[in-house]
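Residue strings, one per chain:
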2 protein chains.
Amino acid sequence: VRDVRVCLLGFGHVARAWCQLTSDRSAELADRHGLELRITAVGTARHGSLVSAAGVTPAELLAMVSGGDHSFPEPVRPGADLIAGSEADVLVEATPLEAGGHAAIAHLEAAFASGMDVVTVNKGPIAWAYRQVRDAADRAGRRLRFEGVTMDGCPVYNLVERCLPGAAVLGFHGVLNATTNYVLDEMTDGLDLTAAVAAAQQAGFAEADPGDDLDGSDAAAKVAALANVLMGADITPDQVPRDSIRHLSRDRVAAARKDGKRLRVACSARRDPTGALAVGVALVEVGPDHPYYAVTASSSVLVLQTDLMGDIEIVERDGLLPQTAYAIYADLLTLYGPR
Amino acid sequence: VRDVRVCLLGFGHVARAWCQLTSDRSAELADRHGLELRITAVGTARHGSLVSAAGVTPAELLAMVSGGDHSFPEPVRPGADLIAGSEADVLVEATPLEAGGHAAIAHLEAAFASGMDVVTVNKGPIAWAYRQVRDAADRAGRRLRFEGVTMDGCPVYNLVERCLPGAAVLGFHGVLNATTNYVLDEMTDGLDLTAAVAAAQQAGFAEADPGDDLDGSDAAAKVAALANVLMGADITPDQVPRDSIRHLSRDRVAAARKDGKRLRVACSARRDPTGALAVGVALVEVGPDHPYYAVTASSSVLVLQTDLMGDIEIVERDGLLPQTAYAIYADLLTLYGPR
């Protein structure tokens, strides 16, 4: 059994769900995949930190914060310090997304400089600085996995890299933001925007501040990440024009419904015949024959337009916390599992 | 540049389309993937054979049969003889499917016994004898690829093997036969079965004898192949109960349409709580919220039910000859490409 030492930055819902999944599957990880994960450092922004040379198991980590204040014993420390002191094999970057992605980008670069591989579910580095972090990984001879930055653990980046050899992605389009999709479905059922957002928050599909979802910022970051990785683009989310649904009226949604249609926030990228890249996040109306129509609530869909395989669609039907946790779990297996 | 020597059995539409694709992409294959394909033997059932120690390029092969009778210079020879005499690295099995799959199974076993890898787009061996051929490959230390036996080159087997590490497939369902799907769509537009089949034949979506499609045999073979590979089953197509659409009336289709629904031939497999496998090919009615509804004409869809990622759907929007040719192209790149 191979010990894999993990430095974990961020300990929110996703990191906890990953610890729970890894804990639940620890016997299978050891017996079938030959892996034992030991966490040698944990960093949070407000709940302290942990450094453990011997490492703790994910189950032990969860037990440590199951008490009253959910805090780790040591004070909050900068991510770079924790990375440098962690003596880990891999950084799992699970901090929240921030515009520009600066902190997460610095974490990735520090990890590569320390000889570590990286698994990130924070889309900042891929959306804002993919070439920079990829080049940093290459220079260090280390590996970077990031399946979870789009559609949770549903294969997108790995699908193209590992299952479509020799084919080129000419463009893509899809519904990639679960919050707005849930809100639009609730509005189709008759709610106004405020009530629909409240329903999404209650169901766990929207943050306390859903601004980044409603105004298209989250979707724009996903467009940039996909275009950078799958199409060799070098753009940032700032360069992605977007529609906001902040002022969408109930009447507009009702009118679409009356025509047998549904509203969706569509992400897209395409090269025109001159090679120029057109990207966007736009509110669209679709009928029952469109691939977006049946993509309801927390589902998401990506249509890849390829040269040799035509259009391929992949749909994540259940985009919930366990599926994001699986992204980290699967990326670690890809890095350290057998074969 | 690495020479890969190919023994090609079958020279129908699929094999020709693969030769054309490989010929069109020969510069990219050499420059980007470091491969040059040379065909050292070709076998057909009625149009002669070819054995060439030096090998011919796919372009040269196409030129050889571009004349009047589309035949190769040498007489028809048994597949096993051609395999043994081909001194090839890999067998590309592209003969037509026959019930039981006996000839193709024998071809695969002969290839492994001769130290060759195998790429098959003939689903017979995977549907009728997957364990047998997989074990033959393992014993010989050779590799077997078969992405093209279901949904053409759309990733299904590779998706599970390479992109869902640590996850288990609990079941699946989908629309996997383009001929019946096309026929059902034509009937929805008002044709009776005979006219719809004629339309499918004219559009190139149905064989001269569409019996295996209409009576569910082709779909049953796909269910067996998927269950055997993805769920560790050991069944043959004979064990898959199936609905035939041979006697489907225009009225039945019209009634569904009146309810806002469409008919689809659904393939499925699922283990019940005792572990017993339930499989089937059934005519179903679906509404606009169902993933099958927008899967029209030559499209196909597979929904994978997994333990860790919930339901994942993959849709092949364009299931045409170039996409089947790509299956062979991609499998060869998987076997012999860099990395």
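Residues numbered from 1 in each chain as written. Chains lettered and ligands numbered in written order. Predicted model: local features only at pLDDT ≥ 70, side-chain atom pairs only at ≥ 80, totals over all residues. Heavy atoms only, no water.

**Some points on the overall build of chain A**
- Looking only at helices and strands, chain A has 13 helices and eleven strands in total.
- Since a compact globule built from 339 residues should have a radius of gyration of about 20 Å, the 20 Å found for chain A is in line with a globular shape.
- By principal-axis analysis of the C-alpha atoms, chain A measures approximately 60 × 50 × 35 Å.
- Expressed as a percentage of its 339 residues, the buried residues of chain A come to 58%.
- Side-chain charges in chain A split into 30 positive and 44 negative, and the spacing between the mean points of these groups amounts to 3 Å. (Helix = DSSP H or I, 4+ residues; strand = E, 2+ residues; numbered from the N terminus. Rg over C-alpha atoms; globule rule 2.2 N^0.38 Å. Buried < 20%, exposed > 50% of the residue type's maximum accessible area, 1.4 Å probe, protein only. Lys, Arg positive; Asp, Glu negative; His and termini not counted. Charge placed at Lys NZ, Arg CZ, Asp CG, Glu CD.)

**Here we look at the sheet that holds strand β2 (residues 35-43) of chain B**
All names here are of chain B.
- A sheet is described by the order of its strands in space; here six strands give the open sequence β3-β2-β1-β4-β5-β6, paired in mixed fashion. A strand with exactly one partner marks an edge of an open sheet, and here the two such strands are β3 (49-56) and β6 (144-145).
- Note: strand β1 (residues 2-9) against strand β4 (residues 90-93), four bridges, orientation parallel. Within β4, the residue paired with leucine 9 across the bridge is glutamate 93. (Pairing = 2+ DSSP bridges.)

**Section: the relation of the copies chain B and chain A**
- Superposition record for chain B on chain A: RMSD 0.0 Å, screw rotation 180 degrees, translation along axis 0.0 Å. When the rotation and shift are considered jointly, the pair of chain copies conforms to a two-fold rotation axis. For chain B, the minimum C-alpha distance to the rotation axis belongs to isoleucine 314 of chain B and amounts to 2.3 Å.
- Residue by residue, 100% of the interface of chain B is reproduced at the interface of chain A, so both copies engage with the same surface. (Least-squares fit on C-alpha atoms with pLDDT ≥ 70 in both. Contact = heavy atoms within 4.5 Å.)

**A few points about the nonpolar core**
- Ranked by size, the top nonpolar core spans 222 residues in total, and within it Phe11, Trp18 and Leu61 of chain A together with Phe11, Trp18 and Leu61 of chain B carry the most contacts.
- Setting aside anything within four residues of it in sequence, one finds tryptophan 18 of chain A in contact with Val6, Leu8, Leu37, Ile39, Ala325, Ile328, Tyr329 and Leu332 of chain A. (Core = buried A, V, L, I, M, F, W, Y, C linked by side-chain atoms within 4.5 Å.)

**Brief notes about the pattern of salt bridges**
Residues and elements named next belong to chain B.
- Applying the stated rule across the entire model yields 31 salt bridges over all chains.
- Linking arginine 25 and glutamate 28 is a salt bridge whose minimum nitrogen-to-oxygen distance equals 3.0 Å.
- Overall, the relative accessible area of 18% leaves arginine 25 in the buried class.
- What makes glutamate 28 partly exposed here is its relative accessible area of 22%. (Salt bridge = Lys/Arg side-chain N within 4 Å of Asp/Glu carboxyl O.)

**Considerations on the state of the cysteines**
- Following the criterion strictly, the structure yields zero disulfides over all chains and no others.
- We note that cysteine 154 of chain A lacks a disulfide partner, and the nearest cysteine sulfur, in cysteine 163 of chain B, lies 9.6 Å from it.
- Here cysteine 7 of chain B is not disulfide-linked; the sulfur of cysteine 19 of chain B is the nearest cysteine sulfur, at 12 Å. (Disulfide = S-S within 2.5 Å.)

**Some details on the sheet that holds strand β3 (residues 49-56) of chain A**
All names here are of chain A.
- The six strands are arranged β3-β2-β1-β4-β5-β6 in an open sheet whose pairing can be described as mixed. Each having just a single partner strand, β3 and β6 (144-145) make up the two edges of the open sheet.
- In this structure, strand β4 (residues 90-93) lies alongside strand β5 (residues 117-120), joined through four bridges in parallel fashion. Along β5, the bridge assignment pairs valine 90 with aspartate 117.
- Helix α4 (residues 79-86) contacts β1 (2-9), β2 (35-43), β3 and β4 of the sheet and is inclined by roughly 165 degrees relative to β1. (Axes fitted to C-alpha atoms, helices over the stretch in contact; angles between N-to-C directions.)

**Observations regarding the environment of threonine 120 of chain B**
Residue and element names in this part refer to chain B.
- With respect to the helices and strands, the residue threonine 120 is situated in strand β5 (residues 117-120).
- The exposure class assigned to threonine 120 is buried, which follows from its relative accessible area of 0%.
- In this structure, threonine 120 is in contact with Glu93, Ile126, Leu144, Arg145, Phe146 and Val149, ignoring residues within four places of it in sequence.
- A polar side-chain atom of threonine 120 sits 2.9 Å from the main-chain carbonyl oxygen of asparagine 122. (Polar contact = N/O pair within 3.5 Å; in protein donor to acceptor, adjacent residues only side chain to side chain.)

**So, the packing of helix α5 (residues 102-113) of chain B against helix α6 (residues 124-140) of chain B**
Residue and element names in this part refer to chain B.
- Running from N to C, α5 and α6 cross one another at 10 degrees; their axes reach a closest spacing of 9 Å. Between α5 and α6, the angle is such that the two are roughly parallel. For the pair α5 and α6, the contacting residues are Ala104, Ile105, Leu108, Glu109 and Phe112 in the first and Pro125, Trp128, Ala129, Gln132, Val133, Ala136, Ala137 and Ala140 in the second.
- Counted by class, the contact of α5 with α6 contains eleven nonpolar, one polar and one charged residues. (Parallel < 35°, antiparallel > 145°, perpendicular 65-115°, else oblique. Nonpolar A, V, L, I, M, F, W, Y, C, P; charged D, E, K, R; others polar.)

**Some remarks on helix α6 (residues 124-140) of chain A**
Residue and element names in this part refer to chain A.
- The terminal C-alpha atoms of α6, which comprises 17 residues, lie only 20 Å apart, well short of the 24 Å expected from a rise of 1.5 Å per residue.
- Within α6, the axis deviates most sharply at tyrosine 130, by approximately 100 degrees.
- Those residues of α6 not exposed but buried are Gly124, Pro125, Ile126, Ala127, Ala129, Tyr130, Val133, Ala136 and Ala137.
- Positive backbone phi, at 70 degrees, marks glycine 141, one or two positions downstream of α6. (Expected span 1.5 Å × (residues − 1). Bend = angle between axes of the 7 residues up to and from the residue.)

**Let's talk about the interface of chain B and chain A**
- Counting residues at the interface gives 45 residues for chain B, matched by 45 residues for chain A.
- Approximately 3,600 Å² of surface area, both sides summed, lies buried where chain B meets chain A, with 55% of it carried by carbon and sulfur atoms.
- Taken as a group, Leu308, Met309 and Tyr326 of chain B account for 18% of the area that chain B buries against chain A, more than any other trio of residues on that side.
- Inspection of the chain B/chain A interface yields six salt bridges.
- Put simply, aspartate 289 of chain A and arginine 262 of chain B hold a salt bridge, and the shortest N to O gap is 2.6 Å.
- On the surface where chain B and chain A come into contact, there are 17 residue pairs in polar contact (both at pLDDT 80 or more). (Buried area = accessible area lost by both parts, 1.4 Å probe.)

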